[in-house]
Amino acid sequence: MRVIAGRARSLKLKTPKGPDTRPTTDRIKETLFNILQGELTGCVFIDLFAGSGGIGIEALSRGAAHAYFVENAKEAAACISENLSFTKFTDSATLLKQDVFAALPMIHEKEAGIIFVDPPYQAGYEEKVFQVLIRQPYVTENTLLILEAETGRDAGFLEKMGYQIVREKIYRTNKHIFAKKQ
């Protein structure tokens, strides 16, 4: 896995060993960031269930002002820390080594530009995370929330909670659902 573009372009990132994380492939990451390119410059980016940190690091590399990485798995959090140091993004990043639900209220920003949510598939976190997010003061009508999910995952729960689905990008094995608070 590598950084696709920007200041840290082509740097290889470490990934945690084992089945607990599934790093986003370079091809899917490139497609995602081509979609996001106009939104990144100067934004606050939040990477939930961050794994290796590859998504948040890509955002920093492409111009995000600050990125939060939320990861409670010890090995994965250590991997994020190493990747931030290697890419020289430590000063523009905050690593919260804890459960997502405990971490979300600890983020004190006026507004988050983009929030990337990539929970373990089949764990049932999606709805719970979006319920907590909609109550956070940094989630505004301008905040773009992205859920990475299995291709068959129904996202109808988002609209029932007060989000509007603005785009959906389907890949071979998963999809990205883009939403905004109504």
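Please refer to the structure placed before this passage.
What counts and what doesn't
- Residues numbered from 1 in each chain as written.
- Predicted model: local features only at pLDDT ≥ 70, side-chain atom pairs only at ≥ 80, totals over all residues.
- Heavy atoms only, no water.
- Helix = DSSP H or I, 4+ residues; strand = E, 2+ residues; numbered from the N terminus.
- Buried < 20%, exposed > 50% of the residue type's maximum accessible area, 1.4 Å probe, protein only.
- Expected span 1.5 Å × (residues − 1).
- Bend = angle between axes of the 7 residues up to and from the residue.
- Contact = heavy atoms within 4.5 Å.
- Core = buried A, V, L, I, M, F, W, Y, C linked by side-chain atoms within 4.5 Å.
- Salt bridge = Lys/Arg side-chain N within 4 Å of Asp/Glu carboxyl O.
- Phe/Tyr/Trp six-rings, centres within 6.5 Å; stacked < 30°, edge-to-face > 60°.
- Pairing = 2+ DSSP bridges.
- Axes fitted to C-alpha atoms, helices over the stretch in contact; angles between N-to-C directions.

Would you mind going over unusual backbone geometry with me for this structure?
Keep in mind that most residues, glycine aside, have a negative phi and that most peptide bonds are trans. Residues other than glycine seldom take positive phi values, yet Lys-88 does so here, at roughly 65 degrees. Note that Lys-88 resides in the loop between α3 (74-87) and β3 (93-96). Positive phi, close to 70 degrees, is recorded for Gln-122, a residue that is not glycine. For Gln-122, a relative accessible area of 69% puts it in the exposed group.

Would you mind going over the environment of Met-1 with me for this structure?
Along the polypeptide, Met-1 turns up in the segment before α1 (26-40). You can call Met-1 partly exposed: its relative accessible area is 28%. Separated by 61 residues in sequence, Met-1 and Arg-62 have C-alpha atoms that sit 16 Å apart.

Teacher, can you tell me more about α1 here?
An α-helix turns once every 3.6 residues. As a result, residues three or four positions apart point the same way. Here α1 is 15 residues long, yet its end C-alpha atoms lie only 18 Å apart, well below the 21 Å a rise of 1.5 Å per residue gives. When the local axis directions of α1 are compared, the greatest deviation, roughly 45 degrees, occurs at Asn-34. Buried-residue contacts for α1 involve β1 (44-48), α2 (54-61), β4 (114-117), β5 (144-150) and β7 (174-181). Count one or two residues on from α1 and you reach Gly-42, which has phi positive near 75 degrees.

In this structure, what is going on with the nonpolar core? I would like to understand it.
Across soluble globular proteins, nonpolar side chains show a tendency to be buried alongside one another. The biggest cluster of nonpolar side chains holds 31 residues, and the ones touching the most others in it are Ile-46, Leu-48, Ile-115, Val-117, Phe-130, Leu-133 and Tyr-163. Elements that contribute at least two residues to this core include exactly β1, β2 (66-70), α4 (100-103), β4, α5 (126-133), β5, α6 (156-161) and β7. Looking at this core, the element that brings in the most residues is α5, giving 4 residues. One finds Leu-32, Leu-84, Ala-93 and Ile-114 within the second-largest nonpolar core, a separate group that totals 28 residues.

Just checking my understanding: could you explain the pattern of salt bridges for this structure?
Evaluation of the coordinates by the stated rule reveals 6 salt bridges. Here Lys-29 makes a salt bridge to Glu-58, at a shortest N to O gap of 3.9 Å. Highlighted residues: Lys-29 in helix α1 and Glu-58 in helix α2, separated in sequence by 29 residues. One salt bridge in this structure joins Arg-153 and Glu-126, with 3.7 Å as the shortest N-O distance. Placement of the pair is Arg-153 in the loop between β5 and α6 and Glu-126 in helix α5, with a sequence separation of 27 residues.

Looking at this structure, how should I read the packing of aromatic side chains?
Given two aromatic rings, their pairing is described by the distance between the two centres and the angle made by the two planes. Scanning the model with the defined rule gives 5 aromatic pairs in all. Judged by centre distance (6.4 Å) and plane angle (25 degrees), the rings of Phe-33 and Phe-45 are stacked. In this pair, Phe-33 sits in helix α1 while Phe-45 sits in strand β1, placing the two residues 12 residues apart along the sequence. One exposure class covers both Phe-33 and Phe-45, and it is buried. Between Phe-130 and Phe-157 the ring centres are 6.2 Å apart and the planes differ by 70 degrees, which places this aromatic pair in the edge-to-face class. Of this pair, Phe-130 sits in helix α5 while Phe-157 sits in helix α6, and the two are 27 residues apart along the sequence. A single burial state applies to Phe-130 and to Phe-157, both of which are buried. Every member of this aromatic cluster is reached through a ring pair, and the members are Phe-49, Phe-101 and Tyr-125.

Can you help me understand the sheet that holds β2 in this one?
Strand pairing in a sheet takes place through backbone hydrogen bonds and is either antiparallel or parallel in direction. As summarised here, the arrangement of the 7 strands in space is β3-β2-β1-β4-β5-β7-β6, forming an open sheet in which the pairing is mixed. The open sheet has two edge strands with one neighbour each: β3 and β6 (163-170). The sheet shows a mean angle of 15 degrees between the axes of neighbouring strands, direction not considered. In the sheet, β6 pairs with β7 via 7 bridges, with the strands oriented antiparallel. Of the residues in β7, the one forming a bridge with Arg-167 is Phe-178.

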